[in-house]
Each structure stands twice: as C-alpha cells, then as structure tokens.
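# Working through the structure, step by step
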Amino acid sequence: MNKIFFAGLVCSCTALTSATSLADYKNPLLSAEMRAEDLLTRMTLTEKVGQMCQYVGIEHIKKSEKYLTLEEMQSGDAHGMYPNLHSSKMPDLIRRGEIGSFLHVVDPKEANQLQQYASESRMGIPLIIGIDAIHGNGLVNGSTIYPSPLTMASSWNLDLVRQANIETAIEMRANGAQWTFTPNIDIARDPRWGRVGETFGEDTFLVSEMGVAVIEGLQQGDFIGDQKVLANAKHFVAGGEPINGLNLSPMDVSLRSLKQDHFPPFKRAVDAGVFSFMAAHNEVNGVPAHANRFLFTEVLREDWGFEGFVVSDWMDIERLNGLHRVAENQTEAVYQAVDAGLDMHMHGPNFLKPLVNLVKQGRISEARINAAVKPILIAKFRLGLFEKAQVNADAASDIMFNANHQQTALELARQGIVLLKNDQLLPLAAGQKIFVTGPNANNHTLMGDWVFKQPEENIITVVEGLKAVAKPSTSIDYFDLGEQIKTLDPKLFVEAAERAKAADVAIVVVGSNALRYDRKGKTAGENVARSTINLYGEQLALVQAIHASGTPTVVVLINSRPLAEPWLVDNVDALIEAWEPGALGGQALAEIIFGEVNPSGKLPITIPRSVGHLQAIYNHKPSTYVRRYVDAPTKNLYEFGDGLSYTEFTYSRPTLSASRITEDESTRLSVTVTNSGDRAGDEVVQLYIRDNVSRVTRPVKELKGFQRIHLKAKQSQKITFDITPDTLAYYDLDMNWRVEPGTFTLMVGSSSRKSDLKKITLKVKP
Ligand code: BGC
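Residues numbered from 1 in each chain as written. Predicted model: local features only at pLDDT ≥ 70, side-chain atom pairs only at ≥ 80, totals over all residues. Heavy atoms only, no water.

## Structural notes on the sheet that holds strand β10 (residues 345–346)
Strand order in the open sheet made by the five strands is β4-β3-β2-β1-β10, with parallel pairing throughout. Bordering the open sheet on either side are β4 (179–180) and β10, each of which pairs with just one other strand. For strand β1 (residues 53–56) and β10, the ladder comprises two bridges, and the chain directions are parallel. Across the sheet, the residue bridging to Gln-54 is Met-346, located in β10. (Pairing = 2+ DSSP bridges. Helix = DSSP H or I, 4+ residues; strand = E, 2+ residues; numbered from the N terminus.)

## A short note on the sheet that holds strand β5 (residues 233–236)
An order of β5-β6-β9 is seen for the three strands of this open sheet, with the pairing classed as parallel. Pairing within the sheet leaves two strands with one partner each, and these edge strands are β5 and β9 (309–311). Each neighbouring strand pair of the sheet contributes to a mean axis angle of 30 degrees, computed without reference to strand direction. (Axes fitted to C-alpha atoms, helices over the stretch in contact; angles between N-to-C directions.)

## Considering the domain arrangement of the protein chain
For the protein chain, the assigned domains are domain 1 (49–397), domain 2 (416–613) and domain 3 (649–765). Across the contact, five residues belong to domain 2 and nine residues belong to domain 3. When domain 2 packs against domain 3, close to 520 Å² is buried across both sides, 40% of that on carbon and sulfur atoms. Contact with domain 3 buries area across many residues of domain 2, yet Asn-598, Ser-600 and Lys-602 alone supply 82% of it, more than any other trio. Run the count over domain 2 and domain 3 and you get one salt bridge. Among the ionic pairs, Glu-683 bridges to Lys-602, the shortest N-O distance being 3.2 Å. (Domains from an automatic or database assignment. Contact = heavy atoms within 4.5 Å. Buried area = accessible area lost by both parts, 1.4 Å probe. Salt bridge = Lys/Arg side-chain N within 4 Å of Asp/Glu carboxyl O.)

## Side note on the confidence of the model for the protein chain
A residue-level look at the protein chain finds 96% of positions with pLDDT of 70 or above and a mean pLDDT of 95. Below pLDDT 50 for its whole length, residues 1–17 participates in one contact with residues either more than four positions away or in separate chains. (pLDDT = per-residue confidence, 0-100.)

## A word on helix α18 (residues 403–416)
Helical periodicity: at 3.6 residues per turn, an α-helix aligns residues three or four positions apart in one direction. Taking 1.5 Å of rise per residue, the 14 residues of α18 would be expected to cover 20 Å, and the 20 Å separating its terminal C-alpha atoms lies within 8% of that figure. Every buried residue of α18 is listed here: His-405, Thr-408, Ala-409, Leu-410, Leu-412, Ala-413, Arg-414, Gln-415 and Gly-416. For α18, the side-chain oxygen to backbone nitrogen distance between the N-cap and Asn-404 is 3.1 Å, and the N-cap itself is Asn-402. (Expected span 1.5 Å × (residues − 1). Buried < 20%, exposed > 50% of the residue type's maximum accessible area, 1.4 Å probe, protein only. Polar contact = N/O pair within 3.5 Å; in protein donor to acceptor, adjacent residues only side chain to side chain.)

So this is what it looks like as structure tokens:
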C-alpha cells in the first residue's frame, strides 16, 4: 500500500474516533444550541455567572491607572478602571473563568493575549470582545472611518449602509473583536442631546430601515464564521427624547408613544435576528431601563420572542443604587437588573459575587442564570470562537482601510451630504480664486464621535479635498485661523475678510467637534449636550465677517446635529450640511462643490429655527401649530426630507391600482419621476401617509416608504410602493394595531414639504 495513503487512513480514523469521544460542546459538527446546552451542564455556578461579566481591556485599565489619581477614579465612572482591582490581577480572574467578555480592546495582540488566558481556564471558554464600531471600527487605529450614522441616514441608501457594515465586521474580526454595540436606533427628537449624530435621525420608519440594514451587514444572518460579528440594538428605550436634552436624564413618555414611536425600530431589529440588546441609561416612566421588567421580559422576550442576550450600559446597574435610588445597595441593584431580564454586566467586579449569592439565597433561580448564559455561549459557538479565538495580528493592517472599504466610505459621504441652499452659486466653475477658512476646514472633526485618533494620511480634510479635486486653473487660498471651535480668535477675522475680498468665492467651514479624544475641544458627542443649538462661540461672527466682504459665500457645516442659525439661511449664498462625512469626507464635499458629484442627500431630521422651537418634528400632531410664537416665525428652517440637487426632478400625478380597499387588502401606488434637468442625478422618492380621520389623533404625515433612484438627464422612471394594511394601521383607542376604515391621503415627492408632495386619496371600506 502507498505509504502516504496509509498514513492518511490512520489519521482520518483517529480523527473520527476522537470526534465521537469529544464532549458534545467541543464537537463542531453539532449545532451551537446543542453545544451550549452540553457546556452548561458542565459549568459551576461561578463559571456561569462569570460568562455574564464584562470588563474593560487590561491595557485600557493600565492607561487609566497611569494617568488618573485615586480621587479622579472614584469621582466618576467614565474611565474604566476599578478601585481595589489592579490590572495585574486580571489574568487570574480570566483564568478562573470569572470573565466572559471584554470591551475597549483596541489591539489584536491584546485580544489574543486575553483569549490565551481564557483558554487556560477550566472550561477554556473563549471571550466575546465587544467594541463601539458605530461607523467603522473607529476606536482602532487605522480603521476605515465611514460617515456618521446621521450622515448615513441622509443617504437613504440601505445597500450602502449594509455594505459599510459588512466591511466593518471584517475589520473588527481582523482585530479580534466579534461584537459591536451598534446600531443605535434611538429616535432622536431633541437636538440638544449630544448623541444625535450617532443615530439615524427622528423618524421611526427611516431609523427602523437603517437599523435593519446595519444588522444585516454585521450579522449576515446567523453570524456563523469568522467574518461576521454580533450586532447590538441600543439603547432600549427612548433615550433620544430626554428631558433637558441631557444624556441619561429621565424619559416620561406615554405607552402609546413608546409603542408607535420608540418600539418599532427595536421590534424590527428582533425580527432581523439581532442577537443582543443594550438597556438605556435613562429611566422610562419612573422605572430605570436597567430594572425594567416590562421592557426586557414582557415586551422583548415574551411579546417579541427575542432569543439573544441583553447587556447593561456602562455601569448602569451600579446606578440603580448610586443614582436612581431604586435599589438599597449593589446586591439589590443586581437583583433588580437580572430579574428584569439583563444578562450581562458592563462592566467590572461588582456583579459576580452579589449574583452568585442571590442564587445561593434562592432569590434568583439557576434557571434564570442558565437562560442568561445560554445565548452568550451560543453566540461564541456561532462566531467560531471555540475553534479559533486567536487572530493573525500581523494581517490586520492589510485588511483595514483597504481600497474597497475606502470606496464605500467615500460613496456614502457623497450620498449623505445635503445641499440646503444654493442661490445659483454651486457648482463652482473652474478657474476661480477660492478663499477657504473656518475651524473645521482643515481638521479631523469630519470623522465624528466614537473615533480615536487616526493616521493623518488616512484623512482627507475639506481643504485637502478642495485642493485635490480643483482643476489646475482654480486656486485655493486657505487661511488657517486655528482648528478649534472654542478658541477662535475674532481678531483674526479682519485679515480673513480682507483675503476673502480678494477671492471670487469664499468657503467657510464651521460646525461642531465630536472627537472623543479631544476632551477640551468637544462641542458634541456622548455626554456633550447643549442648551442652545446655534453655531458655537464666535463662528457666526466669522461667517458674517466673510460675508460682509461682499464675496459670494458658501457655508459648509461639519456638525453632528441640527443647527438652528436663521442668519445663515437668510444671508449666505449656499449652505451645505455635510454632517460628519467620515475620513474621506473632504473629497466627497469637494466633488459636490465642483460639480463632479450631484448632491443627493436628504435630511433625516428637522432643522428648527431655535432651541425654543423644540420639539420640532415633521410627524407632529394636527394641533401642534395652530397657535404661533409672538417673537419669531414658527416655521422650521428646513424640513425632514429636504435636500437640493443640481438637477431637477418632476413627479407625475400618482395613481393607485385600487383606490377603494377593505381593511385587510393592499393596493399599489405608482408615480413617474423624471429628471427634467440637464445632468444625471440621484433622487430619494419619499412616500408619506395621512389618516384623514382617526379615533385617536395621528401625525399630519408619516413616512412609509422611500426609494433612492438614479436618473440620467431627461430620463423617467416609474416607481411603485405597496400600500399594505401595515402601512395604514395604528394603535387604536383600545391599543389594538389595526386599520380604521375611512380615507387616507397618500403623498409622494422629494421631501416632507407640502409643496414637494403629490397627493392621492385612498378609501378604506369597513
Ligand atoms: C454608551 C454606550 C456604549 C458603551 C460602551 C456607554 O457610555 O452609552 O452606547 O456602547 O458606553 O462604550
């Protein structure tokens, strides 16, 4: 017999014998569910509870230990280090099986080291490593930084958002992380709130669609394998409408609003298979989300059938005692959280012992612990971690920020930037002298929040983009008056205005700064709320000085939430809301300014006139604007869905396949959209409904569909929308989800503005 063949035979027989003698949980041929069940039977109570414990990475703790005093550490919980637990003790905790997960691990070598410790534990259960990869894996150096979620939402392009998240998953896995705390599907109804930029805006339907696209991209179904990651629907629920606009402050919201406005994106996330949830910092109607049984047991598991696991937000179980005062002490806090339905503690040592004791005392059943741990183990099996937890740390840099990923980031920026005003100034013709200034013109704020410092060469600032895209005959004169919004010096404005005067066009780049590594300079981002929502500091004075020079002025906003500055709208010649277009945003912006790309982004959020005009949402109730303000116009500056183009789109009268239907029937709306201008462009066709008479009041408009299309000059396309019972239904007087007979106005067009919408009536017979 051929020796090689014989050797092969022996090997495969041995493999077969050892596969059958393997413990079930070690057998990769069995399902993740079967393996998890088997493993659970072999674990001690402490090992099980260990799986429910998350910690920040050892390097993160070490950094905090190095830079923080004991007092600083004890005065806040934002830094991620533990009083009484030195980083040197961590390896042993992991080896004892008392940690199941980490977050804030930003180096694949560290991830490998942590997994190595875990493999030395009695059961050798790998760790699941989570990170905030909100728009790219931005906390890791060298990642692709995609546009912020609000910018993504402005593209209304679900395919691109899905693709960006497929790529994010690949970059994460290359760095040893398998779980991202995204999508943030909070409904952002208060622009004072610092986190608006990391949401998909104010509309339940758009947020739901975006959330599903993110989940589909990250998890790609079952997340089996080593290229996909676990997604996380957060924050459950209603934190996007906090009183005062301050992060973490209470939410008092009716059950009706919870059900119709805040729950739907989360329900859709569950239907899309999202495998983890995060509780919101805030209380909901008097009960902190972290102790809210109604939310996490009744709604999430019992009504919606969620089968994954729930993680707490940063130290929020501790806050049940320390802040909300609903628990006497940490043990009671842990009891309330686990009893409510939370399965994992973010983060630190104050969880394992209290929970083990609660089980020993019989207050929490071991069945509850098994129910919490099983999905955590299932996730680890599906992610392939039991077979391979280590990554090739040297390969990560080739995978990150590769040419394909850059292309997606750039395309999303092109499609997400919104042109708000254009008095025939844009696009700029070649051969002009262009003056550029402003604090955000040449800095990195265009990356947005949830990003640590990135290599200079990976970022294209606005100035760099303009220089790269401008034709040789165009000159760019950049005046650097400092890159910090907060410390702008008005003395420099005089010189800036003089230089602007000598130019054909001026571009002023202002806005906000959400860079979390720039602690002093930040004016937006997590925990950075504002009591006003106009341009911060001296920025308006800068724009006014440049405008007074008489040179036609373009204002570019690099910012993360609606900015209420009526003067800009009334005075400047062109206004671009670029949001936070990501690391390549400067190029996309320049392509739009010079007309190489036709602007096509549409606002996913209303822009109010002032902070006093809040709440400003397009889907308000019929009585909201019956009365007017005496001291200011009542109208918003810009409406939801607004966004200009260099070409023009016209809409035919919509038609219906059936204009009279019964409550359980569907119909189809058709409309023909024509690009009547002379250049190709994208349009976002939006469908809204109004229930003309309903027993419970309904919004004056509700977005129910959208399609992004590309049309060449003079090209037309027929667009259809299916109008199903779900499109028309609402929660009636008895809180039943149903279609009430009567008439509905269906509206289709290029924004939520009345003047942009074509209407047709649909009758629903009893
Ligand atoms: C935020 C979460 C985030 C977590 C971990 C918290 O402060 O609210 O959204 O996922 O930190 O970084």
